[in-house]
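Listed below are the residues making up each chain.
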Amino acid sequence: MSGSGGASEDAVLYETTHAGVAVLTFNRPERLNAWGPDIAAGFYAAIDRAEQDPAVRAIVLTGRGRGFCAGAYLGAPSAAPTYGETLEKAGQTNLSELVGERPPHFLTTLRKPVIAAVNGACVGIGLTQALMCDVRFAAAGAKFGAVFSRRGLIAEFGISWILPRLTGWGAALDLLLSGRTFLAEEAVELGLVKEVVAPGELMKRALDYAEDIARNCSPASMAVIKRQVYGDATRDVVDATARAEVLLHEAMRRPDVIEGITSFLEKRPPRFPSLDPTDVQRSSVPRKG
């Protein structure tokens, strides 16, 4: 992989592979990569960079050290006596000042697939961020938790929308109401992660997956499929089918279809064109706001 400006003090590290995968790494291991303004700003900048780079076809998100993202950063234990004053002020503050300018679901609006490699603690807003990625791998023993009810909070930032769609209503209510900790091995049974991998093999497995789709899947097709899946979650089947028919006609006019069929018949890897910054965004299906 090649690094691009990934100094040790950067809150989010950015690297790319020769196969066209951008690797984003939360880089606050001393606090288990707990979410704060520094990580938020670095994350948005890195995502925008990957989204706009035609050479990048997939994104992998992970954390450095023992945590993926251990929720919101609440400060050191010594700050406990001042929490009441801080939270009173927070109640009068724009949430963007606390968690950043974008809600986690903005990941679902990207044109490129996002794969989470959950290396450790994945809690609170960290869990929401992971669930808004398209595919998730997890290290064996990684701890998960939707701990909002145990902090006197509610189901934040869209987790009440995404979690039931991944696990079903019963499991989602269990996790949200109890706020209990559960491990990667249960997460895979619930459908929250695709695979559980030995910690030392996690990044290799996630990169193998990401590089396979980067090499063999049409960027334009993946961009439209993402928008279909997330958009159709709020539509009925008749509307979804009608929109899919329009999108299919649009797809047939792209060179990706000819290349996909030709490469299959010739038994060779496909050579799909990259997305440019305006590709697919003009499609008939609007982006989610």
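As a starting point, this report considers the structure included with it. (Residues numbered from 1 in each chain as written. Predicted model: local features only at pLDDT ≥ 70, side-chain atom pairs only at ≥ 80, totals over all residues. Heavy atoms only, no water.)

## Considerations on the environment of Gly20
Link 1 in the chain: Among the secondary structure elements, Gly20 is positioned in the loop between strand E2 (12-16) and strand E3 (21-26).
Link 2 in the chain: Sequence separation between Gly20 and Ala50 is 30 residues, and the spatial gap between their C-alpha atoms is 9.8 Å.
Link 3 in the chain: Setting aside residues up to four positions removed in sequence, Gly20 forms contacts with Ala55, Val56, Arg57, Ala58 and Ala214. (Helix = DSSP H or I, 4+ residues; strand = E, 2+ residues; numbered from the N terminus. Contact = heavy atoms within 4.5 Å.)

## Some remarks on the nonpolar core
Link 1 in the chain: Grouped together as the largest cluster of nonpolar side chains are 49 residues, with contacts concentrated most on Leu24, Phe26, Trp35, Phe43, Phe68, Phe144 and Ile159.
Link 2 in the chain: The element that contributes the greatest number of residues to this core is helix H1 (residues 37-52), accounting for 7 residues.
Link 3 in the chain: The contacts of Phe43, once residues within four sequence positions are left out, are Val12, Leu24, Phe26, Trp35, Leu61, Phe106, Leu107 and Gln129.
Link 4 in the chain: Within the second largest apolar cluster, 17 residues are counted, among which are Ile115, Ala210, Ile213 and Met222. (Core = buried A, V, L, I, M, F, W, Y, C linked by side-chain atoms within 4.5 Å. Buried < 20%, exposed > 50% of the residue type's maximum accessible area, 1.4 Å probe, protein only.)

## Some thoughts on the sheet that holds strand E7 (residues 121-123)
Link 1 in the chain: Here 4 strands make up an open sheet; going across it, the order is E5-E7-E9-E10 and the pairing mixed. The two strands at the open ends of the sheet, each matched to only one other strand, are strand E5 (67-70) and strand E10 (181-183). Between one strand axis and the next, the sheet turns through 25° on average, direction left out of account.
Link 2 in the chain: Bridge count for strand E9 (residues 143-145) against E10 is 3 bridges, and the pairing is antiparallel. Paired with Gly145 across the strands is Thr181, a residue of E10.
Link 3 in the chain: Across the sheet, helix H4 (residues 125-132) touches E5, E7 and E9, and the angle it forms with E7 is around 95°. (Pairing = 2+ DSSP bridges. Axes fitted to C-alpha atoms, helices over the stretch in contact; angles between N-to-C directions.)

## Quick notes on the pairing of E2
Strand residues, when the strand is regular, have side chains that alternate between the two faces of the sheet.
Link 1 in the chain: Burial analysis of E2 places 4 of its 5 residues in the buried class, which makes it a mostly covered element.
Link 2 in the chain: Summarising the sheet, E2 and E3 pair through 5 bridges and their orientation is antiparallel. Pairing of Tyr14 across the sheet is with Leu24, part of E3.
Link 3 in the chain: In textbook terms, the turn of a hairpin is the stretch between consecutive antiparallel strands, and for E2 and E3 this stretch comprises 4 residues, one of which, Gly20, has a positive phi near 95°.

## Overview of empty space enclosed by the protein
Link 1 in the chain: If you walk through the whole model with that rule in mind, you get 2 cavities of 30 Å³ or more.
Link 2 in the chain: Taken as a whole, the second largest cavity holds about 40 Å³ of empty space.
Link 3 in the chain: Every residue along the wall of the second largest cavity is listed here: Pro54, Val56, Arg57, Arg111, Lys112, Pro113, Pro219, Met222, Ser274 and Leu275. (1 Å grid on protein atoms, 1.4 Å probe; cavity = no way out; pocket = protein on both sides within 12 Å on 5 of 7 lines; lining within 4 Å. Points joined across faces, edges and corners; volume = space filled by probe spheres on them.)

## Points about the packing of aromatic side chains
Link 1 in the chain: Counted according to the given criterion, the structure contains 9 aromatic pairs.
Link 2 in the chain: Taken together, a centroid distance of 5.7 Å and an interplanar angle of 85° make the contact between Trp35 and Phe43 edge-to-face.
Link 3 in the chain: An aromatic cluster is defined as three or more aromatic residues linked by ring pairs; in this entry it consists of Phe26, Trp35, Phe43, Tyr44, Phe68 and Phe106.
Link 4 in the chain: For the cation-ring pair, Arg31 lies above Tyr73, with the distance from its terminal atom to the ring centre recorded as 4.7 Å.
Link 5 in the chain: Sitting over the ring of Tyr14, Arg49 keeps its end group 4.1 Å from the ring centre. (Phe/Tyr/Trp six-rings, centres within 6.5 Å; stacked < 30°, edge-to-face > 60°. Lys NZ or Arg CZ within 6 Å of the ring centre and 35° of its normal.)

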